[in-house]
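Structure assessment
Below, each chain spelled out in residue letters.
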Amino acid sequence: MSDLEVFGKAAPGTGSPSKERGDCPFTQRVFLELEELGLPYTATYIQEGPNKPHWFMVKNPSGLMPVLRDGETWIQDSDKIAEYLDKHYAGNTLKIPVEFRDVGDKIFPIFTKWLQSKDPGSPCRDEFVEELVGFDRHLQNHGPYIAGERPTDSDFALAPKLRHARVALAHFMDFRFPQELGAVQSYMNGQEDQRKQEMERLSDACQEWGFFQIVNHGIPHFLIDEIKAVAKDFFNLPLEEKQKSAPQGGDPQGYGQMFVTAEDQTLDWGDLLALSLKPNQIKNLALWPTVPTNFRDTVARYESEVERVAQELLSLFAENLHLEDADYFKNVFGSEPMNLMRMNFYPPCPRPDLVLGLSPHSDGGGITLLLQDDETEGLHVRKNNQWIPVKPIPYALVINIGDLVEVMTNGNYKSIEHRAVTNQERARLSIANFYNPGVDAEVAPSPKLVDEHHPCLYKKFIHIDYIRYHLAKQLKGKRNLADFAKIDISKT
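Residues numbered from 1 in each chain as written. Predicted model: local features only at pLDDT ≥ 70, side-chain atom pairs only at ≥ 80, totals over all residues. Heavy atoms only, no water.

Focus on the overall build of the protein
Counting its secondary structure elements, the protein contains 15 helices and 17 strands. Relative to its 492 residues, the protein shows a buried fraction of 51%. Counting contacts in the protein only where the partners sit at least 6 residues apart, residues at least 24 apart contribute 73% of the total. Accessible surface computed for the protein: about 24,400 Å², of which carbon and sulfur atoms make up 50%. (Helix = DSSP H or I, 4+ residues; strand = E, 2+ residues; numbered from the N terminus. Buried < 20%, exposed > 50% of the residue type's maximum accessible area, 1.4 Å probe, protein only. Contact = heavy atoms within 4.5 Å. Areas by Shrake-Rupley, 256 points an atom, 1.4 Å probe, with all protein chains shown as cover.)

Here we look at the packing of helix 9 (residues 221-235) against helix 11 (residues 295-320)
Between helix 9 and helix 11, whose axes approach to 9 Å, the crossing angle comes to 135°. The pairing of helix 9 with helix 11 is recorded here as oblique in orientation. Helix-helix and strand crossings are classified by hand; for helix 9 and helix 11 the assignment is left-handed. Two secondary-structure elements touch here, helix 9 through Phe222, Leu223, Glu226, Ile227 and Val230 and helix 11 through Phe295, Thr298, Val299, Arg301, Tyr302 and Glu305. (Axes fitted to C-alpha atoms, helices over the stretch in contact; angles between N-to-C directions. Parallel < 35°, antiparallel > 145°, perpendicular 65-115°, else oblique. Left-handed = near helix turned anticlockwise from the far one by under 90°.)

Points about the pairing of strand 4 (residues 73-76)
Sheet topology note: the strand 3 (residues 67-70)/strand 4 ladder contains four bridges and is antiparallel. Its bridge partner lying in strand 4, arginine 69 is registered against tryptophan 74. Count of turn residues in the strand 3/strand 4 antiparallel hairpin: two residues, of which glycine 71 carries a positive phi of about 65°. (Pairing = 2+ DSSP bridges.)

A short note on the pairing of strand 11 (residues 379-383)
For strand 11, the tally of buried residues reaches four of five residues, placing the bulk of the element in the interior. Two strands pair when backbone bridges link them, and strand 11 and strand 14 (residues 418-421) are joined in this way by three bridges, in the antiparallel orientation. Residue pairing across strands places leucine 379 opposite alanine 420, the latter belonging to strand 14. Relative to strand 12 (residues 386-389), strand 11 runs antiparallel, the two sharing four bridges. Opposite valine 381, over in strand 12, you have isoleucine 388 as the bridge partner. The turn linking strand 11 back onto strand 12 is made up of two residues, and asparagine 384 within it adopts a positive phi angle of 55°.

Here we look at the pattern of salt bridges
This structure, assessed with the given rule, holds 17 salt bridges. Its salt-bridge partner being aspartate 174, residue arginine 176 comes within 3.3 Å of it at the nearest N-O pair. Just as arginine 176 is exposed, aspartate 174 falls in that class too. The salt bridge involving glutamate 226 is made with arginine 301; its shortest N-O contact spans 2.5 Å. Here arginine 301 lies in helix 11 and glutamate 226 lies in helix 9, a separation of 75 residues in the sequence. Overall, the relative accessible area of 25% leaves glutamate 226 in the partly exposed class. (Salt bridge = Lys/Arg side-chain N within 4 Å of Asp/Glu carboxyl O.)

Some remarks on the nonpolar core
Within the largest apolar cluster, 65 residues are counted, with the highest numbers of intra-cluster contacts made by Phe317, Met343, Ile367 and Leu369. With 10 residues, the top contributor of residues to this core is helix 11. In this structure, isoleucine 367 is in contact with Ala310, Leu313, Leu314, Phe317, Asn400, Ile401, Gly402, Val405, Asn433, Phe434, Tyr435 and Asn436, ignoring residues within four places of it in sequence. Among the nonpolar cores identified, the runner-up in size contains 25 residues, and Ile107, Trp114, Tyr187 and Met188 belong to it. (Core = buried A, V, L, I, M, F, W, Y, C linked by side-chain atoms within 4.5 Å.)

Describing helix 9
What sets the pattern is the α-helix's 3.6 residues per turn: residues three or four places apart point alike. With 15 residues, helix 9 extends 22 Å between its outermost C-alpha atoms, agreeing within 8% with the 21 Å of an ideal straight helix rising 1.5 Å per residue. The set of residues buried in helix 9 consists of His221, Phe222, Leu223, Ile224, Ile227, Lys228, Val230, Ala231, Phe234 and Phe235. (Expected span 1.5 Å × (residues − 1).)

Focus: the packing of aromatic side chains
Inspection of every chain in the model, using the stated rule, returns 21 aromatic pairs. Between phenylalanine 135 and tyrosine 187, the ring centres sit 5.2 Å apart and the planes meet at 80°, which makes this aromatic pair edge-to-face. Separated by 52 residues along the polypeptide, phenylalanine 135 in helix 5 (residues 124-142) and tyrosine 187 in helix 7 (residues 182-188) bring together distant segments of the chain. By the burial criterion, phenylalanine 135 is buried, and tyrosine 187 matches it. Where phenylalanine 461 meets tyrosine 466, the ring centres are 5.7 Å apart and the plane angle is 45°; that geometry is what we call tilted. No difference in accessibility class separates phenylalanine 461 from tyrosine 466, as the two residues are buried. Through a chain of ring-to-ring contacts, three or more aromatic side chains come together here, namely Phe234, Phe235, Tyr255, Phe295 and Phe345. Cation over ring: lysine 383 sits above tryptophan 209, and NZ or CZ is 5.0 Å from the ring centre. It is lysine 459 that lies over the ring of phenylalanine 484; its NZ or CZ is 4.9 Å from the centre. (Phe/Tyr/Trp six-rings, centres within 6.5 Å; stacked < 30°, edge-to-face > 60°. Lys NZ or Arg CZ within 6 Å of the ring centre and 35° of its normal.)

Points about unusual backbone geometry
Comment: phi is negative for the bulk of residues other than glycine, and the bulk of peptide bonds are trans. A cis geometry characterises the amide bond from glycine 143 onward to proline 144, with omega recorded as 15°. Along the chain, the position of proline 144 falls in the loop between helix 5 and helix 6 (153-172).

Regarding the confidence of the model for the protein
On average, residues of the protein score 82 in pLDDT, and 80% of them reach the 70 mark or higher. Low confidence marks residues 259-267, where pLDDT is under 50. Its contacts with residues over four positions away, or in another chain, come to 14 contacts. (pLDDT = per-residue confidence, 0-100.)

Describing the side chain of asparagine 344
Within the secondary structure, asparagine 344 is located in strand 8 (residues 338-346). Among the polar contacts made by the side chain of asparagine 344, one reaches the side chain of arginine 342 at a distance of 2.9 Å. (Polar contact = N/O pair within 3.5 Å; in protein donor to acceptor, adjacent residues only side chain to side chain.)

Thoughts on the side chain of asparagine 320
Position of asparagine 320 among the secondary structure elements: in helix 11. Of the residues examined, asparagine 320 reaches a relative accessible area of 16% and is grouped as buried. Separated by 2.9 Å, the side chain of asparagine 320 and the backbone oxygen of methionine 199 make a polar contact. Apart from the residues lying within four places of it in its own chain, the contact partners of asparagine 320 are Met199, Leu202, Ser203 and Tyr413.

Here we look at the packing of helix 4 (residues 107-117) against helix 5
For the pair helix 4 and helix 5, the least separation of the axes is 9 Å and the interaxial angle reads 160°. It follows that helix 4 is roughly antiparallel to helix 5 by the angle criterion. In this structure, helix 4 meets helix 5 at a crossing whose hand is left-handed. Contact residues: Ile107, Ile110, Phe111, Lys113 and Trp114 in helix 4; Cys124, Arg125, Glu127, Phe128, Glu131, Leu132 and Phe135 in helix 5. Broken down by class, the residue content of the contact of helix 4 with helix 5 amounts to eight nonpolar, no polar and four charged. (Nonpolar A, V, L, I, M, F, W, Y, C, P; charged D, E, K, R; others polar.)

In structure tokens form, the structure reads like this:
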């Protein structure tokens, strides 16, 4: 079976409207169809406005309907997508006992009819409540799921529909689900409990490791394949062609070998291409490759997706740290955050025991979003004085906390030492995006994370000052942050 990808204006996997991602009911319907059939899929949110990707508009001239990609097949419009799924994937549907097959079937159609009436006092209201009461009684007798202790395809379809209805009716009809229907409330909250568990895992990863991998991030698989392909094509070019992107006059952008900033620095083994993507005033397009011909377009599309993921992560960080402002970190990063890309190519090394791909260091920015090579392991993180390999997960992003987020969180989240090792037999590719505050951003611990029991651990500074300090030093563990910003609380 091909990987299924959905493109549209709605939050994947929840069936619920979302302030962050929109509430297009047509896209929601596609998600519900896929969940009902038990089909795995990835989803990409297409933003409103003029920034909709050209390819999306070609496949979807109205810009409104969702699009499904199944291998080389593209289908537009939720009705046509439903027909396609029923025709090609109906055999995937999980079975449910015959006596429970119709349970809850009327609830969503009645909700839809009520919503379309635009009348809060419509007779559909009483009919909807009656169906909810009957469904609650069924769950009490047979639950917690429709057919007993385990969910079936009917649950995967109905639960998100009910969550969607709960949000939509509260917003448009000022209707609240009756609290006395406890079985229905529990039924709808199942995935919310799962989200809570994922948020706890995220918190532990940020505090204990400073590294984690994310899946279901919404970046299309085909775009990840494309960005890796153009990177490999570039590094495979003749040296003369690659050197057209070599920097002049000490510019940190462009093509070259790993930077050497000190005479006694351990030599690293690898080529790199460093590009400043944002803000525009630091972008040097003269150093961007023109070969392969689709390089620039692919980087631009990937850049937009990575920025979206980074912004979502910053919001999750604020939520997990119980900051009152969900946009706290976004505001610190400012209206012109920096997005820097570095493509790394590590050729096979005859003596991997003597040469590193990239020396041990912590990242000096905000957060790093890394695509690993799916086939060749090479990234290590340091934990309890041991180097632990990060196993590649296809299409996952490796996220690591940078020095600046460690400062902003007053040490709650940790930037951690990591390195890249070489391989004797196989080349390795990685693509890192460094998402950082603007150069003029004021970096300091959040006041909400400092009190008499949690003293301030870092001094306040301007980001550009740390950039200059960090670039002047060689890669050497976390010493740069400690020397520049750490406060010795034993002397206070």
